[in-house]
Amino acid sequence: MHTVPAVASVPLPVEPAVPGEPSTQAVIAWYDAHARDLPWRRPGTTPWEVLVSEVMSQQTPVARVIPAWQEWMRRWPGPAELAQAPTAEVLRVWGRLGYPRRALRLIECARSVVEQHDGVLPDDLDALLALPGVGEYTAGAVLAFAHGRRALVLDTNVRRVLARAVGGQALPAPNLNRAERERALHLLPADDATAAHWSVAVMELGALVCTAREPDCTACPWRGDCAWLAAGRPVDVHAGRRRTQAWHGTDRQARGLVMARLREAVDGRPVEAGELVACAARAGSRASGAGAPDPDQPGRALTTLLVDGLIATDDDGAIYRLP
Ligand code: SF4
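About the thresholds
The residue numbers shown here count from 1 along each chain, following its written sequence. Given that the model is predicted, a residue must reach a pLDDT of at least 70 before its local features are reported, and side-chain atom pairs must reach 80 or more before they are shown or counted; all residues, however, enter totals for whole chains, interfaces and linings. Neither water nor hydrogens contribute to the side-chain values; these are computed over all heavy atoms in the structure. Under the DSSP-based scheme used, a helix requires at least four consecutive residues in state H or I and a strand at least two consecutive residues in state E, with every element numbered from the N terminus. Our radius of gyration looks at C-alpha atoms and nothing else; its globule reference is 2.2 Å times the residue count to the power 0.38. The buried label applies to any residue whose accessible area, calculated with a 1.4 Å probe on protein chains only, is under 20% of its type's maximum; exposed applies above 50%, and partly exposed to all values in between. Here the positive residues are Lys and Arg and the negative ones are Asp and Glu; neither His nor the chain ends is included. Just so you know, the charge point we use is NZ for Lys, CZ for Arg, CG for Asp and CD for Glu. The cutoff for a nearby residue is simple: one of its non-hydrogen atoms must lie within 4 Å of the molecule or strand. Only Asp, Glu, Lys and Arg are considered charged in this grouping, and only Ala, Val, Leu, Ile, Met, Phe, Trp, Tyr, Cys and Pro are considered nonpolar; every other residue, Gly among them, is considered polar. Whether two residues touch is decided by their heavy atoms; if any such pair falls within 4.5 Å, the residues are in contact.

K.L.:
Could you give me a rundown of the overall build of the chain, with the residues and numbers involved?
P.N.:
The number of helices and strands found in the chain is 15 helices and two strands. Scaling as 2.2 N^0.38, a compact globule of 323 residues should have a C-alpha radius of gyration of about 20 Å, and the chain matches this with 22 Å. Taken over the C-alpha atoms alone, the chain extends approximately 70 × 50 × 30 Å along its principal axes. Counting only residues that meet the buried cut, the chain has 45% of its 323 residues in that class. Taken as two groups, the 35 positive and 37 negative side-chain charges of the chain have centres that lie 6 Å from each other.

Take a look at the structure:
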């Protein structure tokens, strides 16, 4: 369970509860009985460790994040260590978490913390938001989960739970909007400790019970108050505007295949462009059932990885290595 030390409030407005709306205490009580024992929730976890766990968890399932986070923290426990780490080594440990630009942003973030904050992650919202790779969600998560503060923490899990239970919709709109923020703020308990407890509890409810595809409403502490359940679980009104997260055959898969080959290179030795093009082409060939493979895809994968700083070449593209 998360420990939530009491510190001063951030200046978010407090709104009165509306009779009959879902109770935050019911979700907090459910969390206390069902929370997973995640390593970054244990007492003694530093704010920096919380930040890394949140960055890793944003687009990756928690089962894959746990071993990577533990290995990462063993090697680079704080910003000072990560700031000096070789980029290739960081990308190797990032491994198969996906979206590896997050790893580069974490290095940049660590360097900023060292250069601008004497190596200590700030606990001020604006200072957090000014760090590379730290957005509204990550900053809120650090304030709530590491410092026990009252902050808006709106990830996809929380947005989904609130869209259903309070908004009566199957899923939230594709992009976070003002009405959602106001809804979340309305439910946020007034005091720091309870607000932080609520933030982790509602997130856990979305991860374990109110899941995207198969919400287990019978196990939900809000089943008696949920607007979506009461309305008969109507369909997703935003379905037409939603982008599907394809993988097979995409440039993202082609880039992942190149990165995997370079991570596996013995002693970080460079790999010839031809071999990497063949690796990347496997993404297109897997999509061939839906049409001919895109002949430009392998070259595009190498070019965009180079532009993103995720791979490097010393001889104008004949061989490549991790940076
Ligand atoms: S009752 Fe079902 S849909 Fe409503 S919040 Fe609970 S799990 Fe989600």
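K.L.:
Explain the site of the ligand residue by residue, including any values.
P.N.:
In the vicinity of the ligand, the contacting residues are Arg164, Ala165, Val209, Cys210, Cys217, Cys220, Arg223, Cys226, Trp228 and Leu229. Residue assignment for the shell around the ligand shows that the elements contributing at least two residues are α9 (156-165) and α12 (227-230). Here the residues of the shell around the ligand are counted per class, giving eight nonpolar, no polar and two charged.

K.L.:
Before we move on, could you go through the side chain of histidine 238 and cite the residues and values that matter?
P.N.:
Within the element layout of this structure, histidine 238 appears in the loop between α12 and α13 (251-264). A relative accessible area of 12% places histidine 238 in the buried class.

K.L.:
Please set out the environment of valine 153 residue by residue, giving values where relevant.
P.N.:
When you line up the elements, valine 153 lands in the loop between α8 (136-146) and α9. For the pair valine 153 and valine 200, spaced 47 residues apart in sequence, the C-alpha to C-alpha distance is 8.6 Å. Non-local contacts of valine 153, meaning those with residues more than four positions away in its chain, are made with Tyr137, Gly140, Ala141, Ala144, Phe145, Val158, Ser199 and Met203.

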